[in-house]
Amino acid sequence: MRRLLSVFAVLCLMAAFIFAAGFNPFSAVGAPPANDSIKGKVHVQHGSAAGVYVVAESTGLDPAVRKAVAADNGGKFEITGLPDDDYNVWVRGNCFEDSDPITARPSKKSHQIHVRNAAAEWTVPNKDDWNHRWACSDITSSNVSGLDVAWTRDIAATTSYGAFASMPIIADGKMYIQDLNSNIAALDLETGAELWTINYDEPVIGPNGLNLQDGVLYGVTRTTVFALDAADGSELWREDVLTGGRHFSIAPAVHDGRVYAGSITRANGGIIFALDASSGSTVWTFNTLLDPTVIPPDNAAGGVWYTPPVDLNGDVYYGTGNAYTTPRHNLENPDPILYTNSLLKLGGSSGSLEWYFQGVPNDFYDWDMQTAPLYIAEDEPIVLGAGKMGYIYAFDPDDGTLMWKTSVGFHNGHDDDSVNALENPGSVVIEPPLEIAPGVYGGVETPMAYKDGVVYAAIANLATTLSDLDINYGGATGTFDFEGNTGEMVALDVSNGNILWTTDLPGMAFGAATISNDLVFTTSFDGKVFALSRSDGSIVWQADLPAVTNAPIVIAGDYLVTAASFPQDETGQAQLIVYKLGN
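Residues numbered from 1 in each chain as written. Predicted model: local features only at pLDDT ≥ 70, side-chain atom pairs only at ≥ 80, totals over all residues. Heavy atoms only, no water.

Asks: Any chance you could explain the overall build of the chain here in plain terms?
Replies: Assigned secondary structure in the chain consists of three helices and 40 strands. For 583 residues, the compact-globule formula gives about 25 Å, and the C-alpha radius of gyration of the chain, at 26 Å, lands near that figure. Seen along its three principal axes, the alpha-carbon backbone of the chain occupies a region of about 110 × 60 × 50 Å. Across the 583 residues that make up the chain, the buried fraction comes to 58%. In the chain, of all internal contacts separated by at least 6 residues, the share reaching a separation of at least 24 is 57%. (Helix = DSSP H or I, 4+ residues; strand = E, 2+ residues; numbered from the N terminus. Rg over C-alpha atoms; globule rule 2.2 N^0.38 Å. Buried < 20%, exposed > 50% of the residue type's maximum accessible area, 1.4 Å probe, protein only. Contact = heavy atoms within 4.5 Å.)

Asks: For this particular structure, what's the right way to read the sheet that holds strand β3 (residues 66-70)?
Replies: Adjacent strands of a sheet form backbone hydrogen bonds with each other and so pair up, either parallel or antiparallel. Overall, antiparallel pairing links the four strands, which are arranged β3-β2-β5-β6 in an open sheet. Two strands bound the open sheet, and with one partner strand each, they are β3 and β6 (102-104). This sheet shows a mean twist of 30° between the axes of neighbouring strands, independent of strand direction. Relative to strand β5 (residues 87-92), strand β2 (residues 53-58) is paired through six bridges, and the arrangement is antiparallel. Paired with valine 54 across the two strands is valine 91, which belongs to β5. (Pairing = 2+ DSSP bridges. Axes fitted to C-alpha atoms, helices over the stretch in contact; angles between N-to-C directions.)

Asks: Looking at this model, I keep getting lost on the packing of aromatic side chains. Mind explaining?
Replies: Any aromatic ring pair is given by two values, namely how distant the centres are and how the planes are angled relative to each other. By the definition in use, this model includes 23 aromatic pairs. Note on tyrosine 260 and tryptophan 284: the rings are 6.1 Å apart at their centroids and 45° apart in plane angle, and the pair reads as tilted. Taken together, the residues span a long stretch of sequence, with tyrosine 260 in strand β18 (residues 258-262) and tryptophan 284 in strand β20 (residues 282-287) at a distance of 24 residues. For tryptophan 284, a relative accessible area of 6% translates into the label buried. Summarising the aromatic geometry, the rings of phenylalanine 510 and phenylalanine 525 are spaced 5.7 Å apart at their centres and angled 75° between planes, so their arrangement reads as edge-to-face. Of this pair, phenylalanine 510 sits in the loop between β33 (499-505) and β34 (514-516) while phenylalanine 525 is found in the loop between β35 (519-524) and β36 (528-533), placing the two residues 15 residues apart along the sequence. (Phe/Tyr/Trp six-rings, centres within 6.5 Å; stacked < 30°, edge-to-face > 60°.)

Asks: Help me understand the sheet that holds strand β30 (residues 454-461), please; the structure alone is not making it clear to me.
Replies: Within the open sheet, the four strands sit side by side as β29-β30-β32-β33. Their pairing is antiparallel. Lying at the two open borders of the sheet, with one neighbouring strand each, are β29 (449-451) and β33. Going from strand to strand, the sheet's axes swing by 20° on average, the running direction of each strand aside. Note: strand β32 (residues 486-493) against β33, six bridges, orientation antiparallel. For valine 490, the partnering residue across the bridge sits in β33 and is threonine 502.

Asks: Got a minute to help me understand the environment of threonine 514 in this structure?
Replies: Within the secondary structure layout, threonine 514 lies in strand β34. Each C-alpha atom of the pair threonine 514 and aspartate 366 lies 26 Å from the other, and the pair is 148 residues apart in sequence. The contacts of threonine 514, once residues within four sequence positions are left out, are Trp122, Arg133, Ala449, Leu519, Val520, Phe521, Ile553 and Ile555. Among the polar contacts made by the side chain of threonine 514, one reaches the main-chain carbonyl oxygen of isoleucine 553 at a distance of 2.9 Å. (Polar contact = N/O pair within 3.5 Å; in protein donor to acceptor, adjacent residues only side chain to side chain.)

Asks: Is there a simple way to explain the nonpolar core in this structure?
Replies: Nonpolar side chains in soluble globular proteins generally cluster together in the buried interior. The biggest cluster of nonpolar side chains holds 47 residues, and the ones touching the most others in it are Leu384, Ile392, Ile430, Val444 and Met448. The set of elements that each furnish at least two residues to this core consists of β2, β23 (353-358), β24 (374-376), β25 (382-386), β26 (391-395), β30 and β32. If you tally residues by element for this core, the top one is β26, at five residues. Setting aside its immediate chain neighbours within four residues, isoleucine 430 contacts Leu331, Phe364, Tyr365, Leu466 and Leu469. (Core = buried A, V, L, I, M, F, W, Y, C linked by side-chain atoms within 4.5 Å.)

Asks: Could you clarify how one ought to interpret the state of the cysteines in this entry?
Replies: In a disulfide, the sulfur atoms of two cysteines are held together by a covalent bond. Here the structure, examined in full by the defined rule, presents one disulfide. Between cysteine 95 and cysteine 136 runs a disulfide, and the two sulfur atoms are separated by 2.4 Å. Judged by the sign of its S-S torsion, about -115°, the bond between cysteine 95 and cysteine 136 is left-handed. Highlighted residues: cysteine 95 in the loop between β5 and β6 and cysteine 136 in the loop between β7 (110-115) and β8 (147-154), separated in sequence by 41 residues. The same class applies to cysteine 95 as to cysteine 136, namely buried. (Disulfide = S-S within 2.5 Å.)

Asks: Explain the environment of threonine 320 here, please?
Replies: With respect to the helices and strands, the residue threonine 320 is situated in the loop between β21 (316-319) and α2 (327-332). Between the C-alpha atoms of threonine 320 and alanine 372, which are 52 residues apart in sequence, the distance is 9.7 Å. Sequence-distant contacts of threonine 320, that is, excluding residues within four places in its chain, are made with Thr288, Gly302, Gly303, Val304, Tyr339, Thr340, Asn341, Ser342, Leu344, Asp368, Met369 and Gln370. A distance of 2.8 Å separates a polar side-chain atom of threonine 320 from the backbone oxygen of tyrosine 339.

Asks: Got a minute to help me understand the pattern of salt bridges in this structure?
Replies: Side chains that carry opposite charge are capable of pairing whenever their charged atoms lie near each other. Counted according to the given criterion, the structure contains 15 salt bridges. For aspartate 366, the salt bridge is made with lysine 388, and the minimal N-O distance between the two is 2.9 Å. In this pair, aspartate 366 is assigned in the loop between β23 and β24 and lysine 388 in the loop between β25 and β26, connecting sequence segments 22 residues apart. It is possible to trace a salt-bridge network through shared partners that takes in Asp84, Asp86 and Arg105. (Salt bridge = Lys/Arg side-chain N within 4 Å of Asp/Glu carboxyl O.)

Asks: Would you take a moment to explain unusual backbone geometry for this structure?
Replies: Negative phi values dominate among residues other than glycine, just as trans dominates among peptide bonds. A cis amide bond, omega 0°, links aspartate 62 with the succeeding residue proline 63. The peptide bond linking leucine 338 to tyrosine 339 adopts the cis configuration, its omega dihedral lying at 5°. Residues other than glycine seldom take positive phi values, yet aspartate 172 does so here, at roughly 55°. The topology assignment puts aspartate 172 in the loop between β9 (169-171) and β10 (174-178). When its relative accessible area of 63% is taken as the criterion, aspartate 172 is described as exposed.

Asks: Explain the confidence of the model for the chain here, please?
Replies: Any region with low pLDDT has predicted coordinates that should not be read closely. Residues with a pLDDT of 70 or more make up 92% of the chain, whose mean pLDDT is 91. Confidence drops under a pLDDT of 50 for residues 1-33, and excluding neighbours within four residues, the segment shows five contacts in the predicted structure. (pLDDT = per-residue confidence, 0-100.)

The structure is reproduced here in structure tokens:
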């Protein structure tokens, strides 16, 4: 008996040692270990599946779980961290149609998803709902030298901000454009022949522009929001959404039956709103000024300028502008002036504020956080924001946690003036004249672009001279040396904000950033178009425009469209300019 007990004790000790070492001799028997991932491969008709997003949406969980990952160069994907449930799994890619969903459950099984190539079009302001701005295009570094002007069209609009600043819409062999008088034209893409026009004659600052959804064009004039039949330009509806001092100039987002837009200049705060896409009726509104009493009553504040991205949950992200206050007002009455100069996450269906981040509290240098945010649906999703303060920011879209921020462009030591004046009243002394950089035409003025873990931003370098503490520099009334302006294109690693390369340009880069295969394009204020290598920023191709430009670029197939938008004298003529490969 003692011997049997001794043997049993030894066996127990051995078992304890084995289990402590992590080995389970019974693991081969019974249920396999739990798995929290859905994996597989994306198959395309032609081309590469690299960079397409695979999205998993739970069907039985409350709240629902939605996650996305980018497929690798071979089309393989794995979405991890999924609670056990049935999921609808589908593929979204800029140059592919959204795939039909398959039903999958986390397991070791490998799933095969087939997607169809989409037409080479540009149907929404920043190419997709996430504002990534990379084109379905044939244009590469090996053939970009074959771009030639296919046709031009004179633009009649004349405003203090030029003639044209929007993103043309390209679909079904047609192009739809809106100038800075809010007037719209449908053109034949191949020939430029006019198909129809509608004239509103309401000048705006820009950028304005259209959004095409299911044969309907959505857009704004200075005072209204509209929906047009893309076939003939007939109005489906047109709504005077706000009253009193409003000014619209945003290209709207459209998603899940709602039109998202907002005002740029309005006393008592900018208004962001969602309208019913079928009728134009108001679904919700949100005021970007938390407390109107903290600024003079006639000041416009917190305007929204650029199209918001819509994330996987249908929520929207807006960048807001400044409060048009004078330096003296903010030095003597410091206040954050929420929610100006901020990035806001709003519930898409409700308009509720989910979170905000204020880039420049108490701003008196016109350092808007106005440019179009980007939503990046990776294993660890990211939202990017930027603006005229000359910083690019990365946030956790769930709670707004700042992940990193990176300074871009020329700064001359005044970045913290407004925060210091807020936190330590009286500590900041400004004695005009004083040069401030970035100036009111500086920093990241226009939309960024994203692909393969890298964000590209076009930069404007132009200082403002503060000549008087009682001037509202948000009205661009400072002293500007336009002849001395320069620009840059920068590339940043979105995982950490590190700058990968910077390329100097001869003029302010107001042309946004647009990706085509291994190139990134922009325009500069001195009237040039540039194609730069995405790998190192070297200039691969450039062309001269017939006038100064503050217009962006869109690309579809073998077409590139921009504008000579800002003639500097009466002899100049603003033109839409369409390039084509091998023309």
